[in-house]
Amino acid sequence: MKTHENILEHITNYPIIPVYYNDDVNTCLEVLQQCYNGGIRVFEFTNRGKNALLNFQAMLQYKDQHLPGLLLGIGTIKSVNVAEQFINLGCDFLVSPIVKAELAQIALQYNKFWIPGCMTPTEINLAEELGATLIKLFPGDLLGPDFLKSIKPLFPSLKFMPTGGVDLKEENINNWLKAGVTALGLGSKLFTTFDEDGQQPDWLTKRCAYLNEVVRNFN
């Protein structure tokens, strides 16, 4: 079983994290494969639709068979009952848009890595007290890199990951990296098909490879 330290180290080493949902299971598997081909090794599927549980189960099975070294977590977890369902399937980690003591407790009970979503210093402090080591800054577009710069000295033992508002521009990614993020969650902006990209069947693979290159070249 992967330890929390192993998972955090893996996320640190592979900081571009796609955040995705689709009702169609075949689309989910294709997206997962393309992201993997582009160097992605941490992927967050979100619990945002009627087929989330079934699709996630299929993605886990596909990952185990075809995608070595990939961590597959479940996001948009707001209740203990739902968390337990995905834990029983074998998710690698849990992501929440909120801070909730009950979620921290269920993650601890099953030894699952938990990433809570926070927007204020008070929420971040609560998350730290509940045992979180990686904080999801959400929504990232409202908070911005300057917010992280301001509060990061208050929480020297925590690591941060913005989600929402992280775009594909090198300047935006570098601004977040300069502010001190450990990882970057990319949702709709990553998966929006632009005309020039959509002509190529491997456009998502190329986009993920580009993002990984931007991170590697950051100094």
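Residues numbered from 1 in each chain as written. Predicted model: local features only at pLDDT ≥ 70, side-chain atom pairs only at ≥ 80, totals over all residues. Heavy atoms only, no water.

**Focus: the sheet that holds strand S8 (residues 159-162)**
To be explicit about the condition: Think of it this way: DSSP has to see at least two bridges between two strands before they count as a pair. A run of H or I in DSSP becomes a helix once it reaches four residues, and a run of E becomes a strand once it reaches two; helices and strands are each numbered from the N terminus.
In spatial order, the strands read S6-S7-S8; together these three strands make up an open sheet with parallel pairing. The sheet is open, and its two edges are formed by strand S6 (117-118) and S8, each paired on a single side. Here strand S7 (residues 134-137) pairs with S8 via four bridges, running parallel. Counted as the bridge partner of lysine 136 is methionine 161 from S8.

**A look at the pairing of strand S1 (residues 16-20)**
Using the following cut-off: Whether a residue is buried, partly exposed or exposed follows from its accessible area with a 1.4 Å probe, protein chains only, as a fraction of its type maximum: under 20%, in between, or over 50%, in that order.
Counting buried residues along S1, five of its five residues qualify, which places the element largely inside the surrounding structure. Along S1, one buried face is formed by Ile16, Pro18 and Tyr20 and the opposite face, lined by Ile17 and Val19, is buried too. Where S1 and strand S9 (residues 184-186) come together, three bridges link them in parallel fashion. Opposite isoleucine 17, over in S9, you have glycine 185 as the bridge partner. As judged from the two bridges shared by S1 and strand S2 (residues 42-46), these two strands associate in the parallel manner.

**Quick notes on the pairing of strand S3 (residues 71-75)**
Across the five residues that make up S3, a large majority, five, are buried. Of the two faces of S3, the one holding Leu71, Gly73 and Gly75 and the one holding Leu72 and Ile74 are both buried throughout. Bridge count between S2 and S3: five bridges; the pairing is parallel. Of the residues in S3, the one forming a bridge with threonine 46 is glycine 75.

**Focus on the environment of threonine 192**
Here is the rule: Each polar contact in these results corresponds to two N or O atoms within 3.5 Å; when the atoms are within protein, one needs to be able to donate a hydrogen and the other to accept it, and residues that are neighboring in sequence are counted only if both atoms are side-chain atoms.
As for its position among the elements, threonine 192 is in the loop between helix H9 (188-191) and helix H10 (195-198). The spatial distance from the C-alpha of threonine 192 to the C-alpha of valine 82 is 28 Å, given a sequence separation of 110 residues. Among the polar contacts made by the side chain of threonine 192, one reaches the main-chain carbonyl oxygen of serine 188 at a distance of 2.7 Å.

**Points about the packing of aromatic side chains**
For clarity, the cut-off: Working definition: rings of Phe, Tyr and Trp (its six-membered ring) pair if their centres are within 6.5 Å, and the pair is stacked with planes under 30 degrees apart, edge-to-face with planes over 60 apart, and tilted otherwise. Each ring is checked for a lysine NZ or an arginine CZ that lies within 6 Å of its centre and within 35 degrees of its normal; such an atom marks a charge sitting over the ring.
All told, the structure shown has five aromatic pairs when counted by the stated rule. For the pair phenylalanine 45 and phenylalanine 56, a centre-to-centre distance of 6.2 Å together with 20° between the ring planes defines the contact as stacked. Remark: phenylalanine 56 occurs in helix H3 (residues 52-66) and phenylalanine 45 occurs in strand S2; sequence separation between them is eleven residues. Note on phenylalanine 45: relative accessible area 0%, which makes it buried. A relative accessible area of 0% places phenylalanine 56 in the buried class. A centroid spacing of 5.5 Å and a plane angle of 75° characterise the contact between phenylalanine 56 and phenylalanine 86, whose relative ring orientation is edge-to-face. Linking phenylalanine 56 in helix H3 with phenylalanine 86 in helix H4 (residues 80-89), this pair joins segments that are 30 residues apart in sequence. Of note, arginine 41 hangs over the ring of tyrosine 36, and the distance from its end group to the ring centre comes to 3.7 Å. Geometry around phenylalanine 138 places lysine 136 over its ring, the cationic atom sitting 4.7 Å from the centre.

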